[in-house]
Amino acid sequence: MPFPASTNSPTPLPPPPPGQTSSRLFWRWWRRQTPSQQDRYATLGPLVSVLLFLVAIIAAFWYLRNEEIEREQESVKRDTEVVQQQIRMRLVENQEQLLRMAREIALKPASADGFMRQAGDFVRARPEVASVTWVQADARVRATRSALSLPMDPVAPAEEATEPRPDWRELFPGGEPIQAFHQARNLNTPTYSRPYINPQGARALQLHMPLMDRGGFAGTLVTEYTLDSLMRYTVPREIASRHAMSLVEVSGVVLTSTVGGANERSAKPTFVHDVIVTPVGNGLILRGMGFRTSSSLVGNTLFWMVVALSAFTVWTLMGTLRHMRRRSQIQKALVQETNFRRAMENSMLTGMRTIDLEGRITYVNPAFCAMSGFSEEELIGCVPPYPYWPKDRLEEFNRMFQQELLGRSPMGGIEVVMQRRDGSQFDARMYVSPLIDAQGDQTGWMTSVTNITEAKRVRDQLTAAHERFTTVLEGLDAAVSVVSVQRGELLFANRSYRLWFGANPDAHVQLTGGRVMPDEVIDGDESVDDFGGLPAQALTNAGSDTREVFMEGVQKWFDVRARYVQWTDGNLAQMLIATDVTARRHAEEAAARQAEKSQFTSRLITMGEMASTVAHELNQPLAAISNYCSGMISRVQSGSIDNEQLVSALEKTSRQAQRAGQIIHRIRQFVKRSEPQRQPCRVREITDAVVELAVFEMKRRRVTLNTAVANRLPQLMADPILIEQVLLNLLKNAAEAIDAAQMPQSRRIIDLRVQLRRLEEQGQVVEFSVTDGGPGMKEDMLARLFEAFHSTKAEGLGIGLSLCRSIIESHQGRIKAENIYNGSSVAGCRFTFTLPIDSGTAADFSDSAMPPSNDLLADNP
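If you're wondering where the values come from, they're calculated on a predicted model, not measured in any experiment.

## Regarding a nonpolar patch on the surface
Right, so step 1: A grouping of Trp62, Tyr63 and Leu64 is seen on the molecular surface, where their side chains present a nonpolar patch of about 370 Å² in accessible area.
Right, so step 2: As for its position among the elements, tryptophan 62 is in helix 2 (residues 35–107).
Right, so step 3: Residue class for tryptophan 62 comes out exposed when judged on its relative accessible area of 56%.

## Some remarks on the nonpolar core
Right, so step 1: In this structure, Ile750, Phe768 and Phe833 are the most contacted members of the largest nonpolar core, which totals 45 residues.
Right, so step 2: By residue number, the principal contributor to this core is helix 20 (residues 720–740), which donates 10 residues.
Right, so step 3: With 37 residues, the next largest nonpolar core counts Leu98, Ala102, Tyr225 and Leu247 among its residues.

## Structural notes on the packing of helix 19 (residues 683–700) against helix 20
Right, so step 1: It is the contact of helix 19 with helix 20, at a shortest axis distance of 9 Å, that shows an interaxial angle of 30°. Judged by the angle between their axes, helix 19 and helix 20 are roughly parallel. As helix 19 packs across helix 20, the resulting crossing turns out to be right-handed. Where helix 19 abuts helix 20, its residues Ile686, Thr687, Ala689, Val690, Leu693, Ala694 and Met698 lie against Pro720, Ile723, Glu724, Leu727, Leu728, Leu731 and Ala735.
Right, so step 2: When the residues that make up the contact of helix 19 with helix 20 are grouped by side-chain class, the tally is 12 nonpolar, one polar and one charged.

## Here we look at the sheet that holds strand 7 (residues 244–248)
Right, so step 1: Here four strands make up an open sheet; going across it, the order is 8-7-10-9 and the pairing antiparallel. Of all strands in the sheet, those with a lone pairing partner are strand 8 (254–257) and strand 9 (271–276), marking the two edges. Across the sheet, the mean angle separating the axes of adjacent strands is 25° when strand polarity is ignored.
Right, so step 2: The sheet contact formed by strand 7 and strand 10 (residues 285–290) spans five bridges and is antiparallel.

## Some details on the side chain of asparagine 198
Right, so step 1: Checked against the element boundaries, asparagine 198 lands in the loop between strand 4 (196–197) and strand 5 (203–213).
Right, so step 2: Overall, the relative accessible area of 6% leaves asparagine 198 in the buried class.
Right, so step 3: A distance of 2.7 Å separates the side chain of asparagine 198 from the backbone nitrogen of alanine 202, its partner in a polar contact.
Right, so step 4: Not counting residues up to four positions away in its chain, the partners in contact with asparagine 198 are Ala204, Glu224 and Thr226.

## Side note on empty space enclosed by the protein
Right, so step 1: Taken as a whole, this structure holds three cavities of 30 Å³ or more when the rule is applied.
Right, so step 2: Approximately 110 Å³ is the volume found for the largest cavity.
Right, so step 3: Forming the walls of the largest cavity are Arg353, Trp389, Phe397, Met400, Phe401, Glu404, Ser409, Ile414, Val416, Met430 and Val432.
Right, so step 4: Looking at the lining of the largest cavity, the elements that each hand over two or more residues are helix 11 (394–405), strand 13 (414–419) and strand 14 (425–436).
Right, so step 5: Of the residues in the lining of the largest cavity, the class split is eight nonpolar, one polar and two charged.

## Focus: the packing of aromatic side chains
Right, so step 1: Scanning all chains against the criterion turns up 15 aromatic pairs.
Right, so step 2: Between phenylalanine 181 and phenylalanine 217, the ring centres sit 6.1 Å apart and the planes meet at 75°, which makes this aromatic pair edge-to-face. Note that phenylalanine 181 is positioned in helix 4 (residues 176–187) and phenylalanine 217 in strand 6 (residues 216–226), a separation of 36 residues in sequence.
Right, so step 3: Owing to a relative accessible area of 1%, phenylalanine 181 belongs among the buried residues under this scheme.
Right, so step 4: Aromatic pair phenylalanine 550 and tryptophan 557: ring centres 5.2 Å apart, planes at 50°, arrangement tilted.

## Let's talk about the pairing of strand 20 (residues 572–580)
Right, so step 1: Relative to strand 20, strand 16 (residues 479–484) runs antiparallel, the two sharing six bridges. Bridge pairing in strand 20 places serine 481 opposite leucine 576.
Right, so step 2: Pairing of strand 19 (residues 556–566) with strand 20, which is carried by nine bridges, proceeds in the antiparallel orientation. Bridge pairing in strand 20 places glutamine 566 opposite leucine 572.
Right, so step 3: Linking strand 19 back to strand 20 in an antiparallel pair, the connection comprises five residues, with glycine 570 at a positive phi of about 90°.

## Some words on helix 19
Right, so step 1: Under the 1.5 Å per step criterion, the end-to-end length of helix 19 is 26 Å for 18 residues, consistent within 8% with the ideal 26 Å.
Right, so step 2: With 13 of 18 residues buried, helix 19 is to be regarded as a mostly interior element.
Right, so step 3: Phi turns positive one or two residues past the end of helix 19, at arginine 702, with a value near 55°.

## Some thoughts on the side chain of glutamine 419
Right, so step 1: Locating glutamine 419 in the fold gives a position in strand 13.
Right, so step 2: Not counting residues up to four positions away in its chain, the partners in contact with glutamine 419 are Ser372, Phe374, Tyr388, Trp389, Pro390, Lys391, Ser424 and Gln425.

## A short note on the pattern of salt bridges
Right, so step 1: Under the definition given, this model contains 22 salt bridges.
Right, so step 2: Put simply, aspartate 274 and arginine 287 hold a salt bridge, and the shortest N to O gap is 2.9 Å. In this pair, aspartate 274 sits in strand 9 while arginine 287 sits in strand 10, placing the two residues 13 residues apart along the sequence.
Right, so step 3: Among the residues examined, arginine 287 registers a relative accessible area of 23% and is labelled partly exposed.
Right, so step 4: Between arginine 561 and aspartate 559 there is a salt bridge, and its shortest N-O distance comes to 3.4 Å.
Right, so step 5: Each member of the salt-bridge network shares a partner with another, and the members are Glu415, Asp427, Arg429 and Lys456.

## Notes on the sheet that holds strand 11 (residues 351–356)
Right, so step 1: The sheet built from five strands is open, its strands ordered 12-11-15-14-13 with antiparallel pairing. Among the strands making up the open sheet, the edge pair consists of strand 12 (361–364) and strand 13. Strand-to-strand twist of the sheet, defined as the mean angle between neighbouring strand axes without regard to direction, takes the value 35°.

Reading the values: rules and limits
Residues numbered from 1 in each chain as written. Predicted model: local features only at pLDDT ≥ 70, side-chain atom pairs only at ≥ 80, totals over all residues. Heavy atoms only, no water. Patch = residues over 30% accessible without salt bridge, like charges linked within 9 Å, V, L, I, M, F, W, Y side chains within 5 Å. Areas by Shrake-Rupley, 256 points an atom, 1.4 Å probe, with all protein chains shown as cover. Salt bridge = Lys/Arg side-chain N within 4 Å of Asp/Glu carboxyl O. Helix = DSSP H or I, 4+ residues; strand = E, 2+ residues; numbered from the N terminus. Buried < 20%, exposed > 50% of the residue type's maximum accessible area, 1.4 Å probe, protein only. Core = buried A, V, L, I, M, F, W, Y, C linked by side-chain atoms within 4.5 Å. Axes fitted to C-alpha atoms, helices over the stretch in contact; angles between N-to-C directions. Parallel < 35°, antiparallel > 145°, perpendicular 65-115°, else oblique. Left-handed = near helix turned anticlockwise from the far one by under 90°. Contact = heavy atoms within 4.5 Å. Nonpolar A, V, L, I, M, F, W, Y, C, P; charged D, E, K, R; others polar. Pairing = 2+ DSSP bridges. Polar contact = N/O pair within 3.5 Å; in protein donor to acceptor, adjacent residues only side chain to side chain. 1 Å grid on protein atoms, 1.4 Å probe; cavity = no way out; pocket = protein on both sides within 12 Å on 5 of 7 lines; lining within 4 Å. Points joined across faces, edges and corners; volume = space filled by probe spheres on them. Phe/Tyr/Trp six-rings, centres within 6.5 Å; stacked < 30°, edge-to-face > 60°. Expected span 1.5 Å × (residues − 1).

Okay, structure coming up:
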């Protein structure tokens, strides 16, 4: 039973006034919400209010903080400009006083004593001035007055001087003051130098006031300001207490400041305002800096109290929201669980029945009612005998019911016959289990009922099908056997197996080659068979293994097919089907012998057709031998030959004999009967042997043979004699086609090319191609060219090209023929065959030492 949606739902508000459309829409939306949603919205309202209040407080403090920052920045700017005016006024005032002093010196002859008095009064009244020096036009010091030392004795006139006057430039060699001195002399205007470090180690700057008399430039009054003193005496105390003031170069180097260097480096200023120091110029900048103080509004206690109180309120509301959400989830889960249980009970096909300890029915599901034909009202409260008990089996059902109440029902269930309301009966299986309440006490018995009428019918049909299948297996001519992989036990053997091998599982093992146990076991696979410890699913899905075996006991050949199956007990087993193929093997052996004879006969026929050509070739060296011998006999008898001439004639005779012997040896190697034998062979050796035999026919028919064999070809695993036979047959056919068509000499050409190719269906192969310039062949002849007993020649037997195809296909190669076209006319024919290479063989490096092509031109007979 689901819980109520909420125990503290908000109190319904009165309906809105009729004139307020938005309120009416809100209430209409509110009434459509569920109680749990109303609780959630009621909890979210205060939370949103607190968050808005916190946002407003933070915004107010942020606004006040910005106001404070703007005021502070404006204060820094104002104080910096005030200090700038103070420095400017002080420097301008000093510049005017020095200008009056320079005029007096220039207009009236002044002594050093008078200058010292005026300079002393000037320095004492202005603490920022370090010294005032009278420098003549030749840069020699006339007199100087320093604030830190006694005045120097006046220097006597030149005509009275006993010692030379000091040169002012020696005090500042190559420095900023010297540049200012030259600039004042050139421009005749007061000039300030760039900041520099004086001999006392302090940063300073100089004002050069030019002295002008009737003769022109007479020198300068050099006033030295120390920057520390200038800042100390010109920056008001109240400004220095509020903000830091610094003199900075354009490059950013700080020259002096109103605060210590360590404090300035450790704290980074928050506000900075830069102005140019006038009338100094020269890149001297006055920088005002403001620092953030600890007395800010963010650190106010009131602010943090408001933030803490708001955070606590938000945390409390979040906890309440989580509680309400958890409560809503529990209610939803309870409703879902109840609906799921009701849907599961209504959808399942198994009938459920509950009885109490007295045997009274307390619950039935819809499946049980549909199974028995009685409604729920008719079954609830019934006591034995129940209405679904057959009338003729009441005693049997009473006995089973008593066993059920005593808890003695079998764990595997009870197979019973139940009766429907219409009187029909059906087979059912009942499973009984005790019903325990929440306190652990038994309150009754729960019974599940399954209709097994269809299952029994299927089981009976499977039994009949098994008998029929067994009858079929017993009638097969092939031996069928099944052996357990785990125990090695013969599980099944049909009649043929028992007839040939008996009931011995050893014959099964011999037929499979001893491979009953799988080669590999997949670890950690969920499909592993629990009984045999083997991967039953993966092995039973694999294909069958096919092999041919000869059994000594019965003297028969068997085609064996084996695969793994899952036996009826769940264990893994191996099934084997052995078919007697003895007759087929005998036929194949006979066909192989016949093919060997055909190949030998074909070679004899080829050499027979070439007999006249071979005889002509043998006649030439034999005639030469006869001539050499007759000549030597005549000259020996006449005594007109010496030993050297005799040896030369004998060597020529020997070479002709060797030539005849090579021809006979090559013919003998080609036509001798031998067993087909696959062996590693070089492509170059095969082509050379064929060319030596074919050259005779080429010369006789006045045909030019061009050969092109690629270098570094791999070795072939083939029978070289058979490949030579195919190649020689193709060359001979090409020469005969050219000669029979009486082609002109320009087209009496045959090209033999051997190269390495890669094909999609065969991979890497060696390709042999024979191309001739003959008349070609018709398209219908090309389609039947390689058929047995089909020939394009009137006197042909039709076995040459058919035998060539058999030889090439036995080497897993391919052979084809095609016409060569020059536009729409046929320009010749090309025969091509390929042989696969052995991946384990090395390249034929000996080919690279020989020329890639060899042209054999036919001589006129």
